[in-house]
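# Geometric and topological summary
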Amino acid sequence: MEHSLERTYFVETVRADFPILNQEHHPGVPLVYLDNAASSQKPRQVIEAMDDYYRRYNANVHRGIHKLSEQATAAYEGARVKIRKFINAASKREIVYTRGTTESINLVAQTWGRANLKPGDVVLSTVMEHHSNIVPWQILAAEKGFTIKYIPLHEDGTLDMDAYTRLLDEGGVKLVTVMHVSNVLGTINPVADMARQAHAAGALILVDGAQSTPHMPVDVQALDADFFAFSGHKMLGPTGIGVLYGKRALLEAMPPWMGGGDMIASVRLEGSTWNELPYKFEAGTPSIAEAIGLGCAVDYLMNIGMETVHAHECAVTEYALERLAEVPDLTVYGPDVSQKGAVAAFTFAGIHPHDLAQMLDAEGIAVRAGHHCAMPLHHYLGLAASTRASFYLYNRLSEVDALVEALYKARKAFYR
Ligand code: PMP
């Protein structure tokens, strides 16, 4: 893998926008941030856009007649329009603001799921899901009496698509709910193909896009996803804001979830009627600064271009997989780079993942250790935990070298 001048120029230009990256993690030890799958860092443009809202035009949205409220509403709704374009939804009415992927999935479970799932029905998911796409269905299944089935994996961490077809053929499937990219294995699932098969079987498909939307072009219409969920904080935006995309006809037919201000058309003591989309699902004062910040993050990513972001991450991931393969006693999980996002989860024989993460932290390298909210997947792989390095558009190839060097150092310390 070449450390090309072009790549160096790209990454150094991007890094200049991220104040947090230019610091020492410990005295004399630079920060190497490789925990992007948990949360990304934020460029100054996003930080400044949020600061600007609070300094210049802080006010509630949709209510005020005054100028500040009009300005806040324009920025808040402007962000929705940017997000629509970013994922190529047909209408901004299909973009529902939530607090993040978790809330988006719970919204679908508590509205569409509560209204449509009954005993005998099947929700079909995969063993690689994040807890946020397992637990909401378990909670609802306990109440509604439907069944949840899980698609198994091949050895290399890809989905067993023959098993998927078989499970659909068994019948009763009302919803397929699947992650686009695994936050542990990095597997990029063939969701367009899965959607086609789900629809042919009369089922809907929900795609958890938490780990795809930040990293690659996403076109919800090309995927033909019925629902698509993602979080702002993993894609250069702030915490507390995310999106549920849903096809308009589905969202129109769904009852609201949370009740309160803004989501109503009229309220009488005898009963209420609901606001139009997407406000029907947005009760109460929303995360205004956060939506504006997410809109700015979308601008930032679109300026660079998601193809370019993805190409850089593929280069870093490919290099990381090459270098990690050199390290003795280290096992990396998941498929090869052709089917993998910017994630490398690994274990070191004889070293607990938490101890390893601590040793890496001493070298300035921020990674995550644990089950990464995917306990069933770790159980399936026969692991209690793993250590995970995850990359983004601002990671240098030399940071992969720093990781590998620190792993050799840890190995020496433990195997002494
Ligand atoms: N799904 C996946 C694949 C994730 O990686 C995450 C975040 N780790 C989530 C869902 C949940 O996202 P959030 O915590 O932002 O709601």
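Residues numbered from 1 in each chain as written. Predicted model: local features only at pLDDT ≥ 70, side-chain atom pairs only at ≥ 80, totals over all residues. Heavy atoms only, no water.

## Let's talk about the environment of Ser398
We count it as follows: Labels follow the DSSP assignment, with helices taken as runs of H or I lasting at least four residues and strands as runs of E lasting at least two, numbered in each case from the N terminus. A simple rule labels every residue: compare its accessible area, found with a 1.4 Å probe on the protein chains alone, to the largest value its type can have, and call it buried under 20%, exposed over 50%, or partly exposed in between.
With respect to the helices, strands and loops of the structure, Ser398 is situated in helix H14 (residues 397–415). On the accessibility criterion, Ser398 (39% relative accessible area) is partly exposed. Between the C-alpha atoms of Ser398 and Val32, which are 366 residues apart in sequence, the distance is 9.7 Å.

## Some details on helix H2 (residues 44–56)
Turn by turn, an α-helix covers 3.6 residues, leaving residues three or four places apart pointing in a common direction. As a reminder of what qualifies: Given the number of residues in a helix, its expected span is that number minus one, multiplied by 1.5 Å. Regarding the arc, it is the one traced by the directions from the helix axis to the C-beta atoms. Here, two residues are considered to be in contact whenever any of their heavy atoms come within 4.5 Å of each other.
The terminal C-alpha atoms of H2, which comprises 13 residues, lie 17 Å apart, in line with the 18 Å expected from a rise of 1.5 Å per residue. Of all the residues in H2, the buried ones are Val46, Ala49, Met50 and Tyr53. All buried residues of H2 lie within an arc of 90° about the axis, which places them on one face of the element. Contact partners of the buried residues in H2: helix H3 (67–87) and helix H10 (288–304).

## So, the pattern of salt bridges
Our working definition: What makes a salt bridge here is a side-chain nitrogen of Lys or Arg within 4 Å of a carboxyl oxygen of Asp or Glu, nothing more.
One pass over the full model with this rule turns up 23 salt bridges. Ionic pairing is found between Arg44 and Asp17, a salt bridge with its closest N-O pair at 3.1 Å. With Arg44 in helix H2 and Asp17 in the loop between helix H1 (5–15) and strand S1 (24–26), the pair connects residues that are 27 residues apart, well separated along the chain. In this structure Arg44 comes out as partly exposed when scored by relative accessible area, which is 35%. The exposure class of Asp17 is buried, given its relative accessible area of 13%. For the salt bridge of Asp121 with Lys118, the shortest nitrogen-to-oxygen distance reads 3.3 Å. Of the residues examined, Asp121 reaches a relative accessible area of 3% and is grouped as buried. Given a relative accessible area of 45%, Lys118 falls into the partly exposed group.

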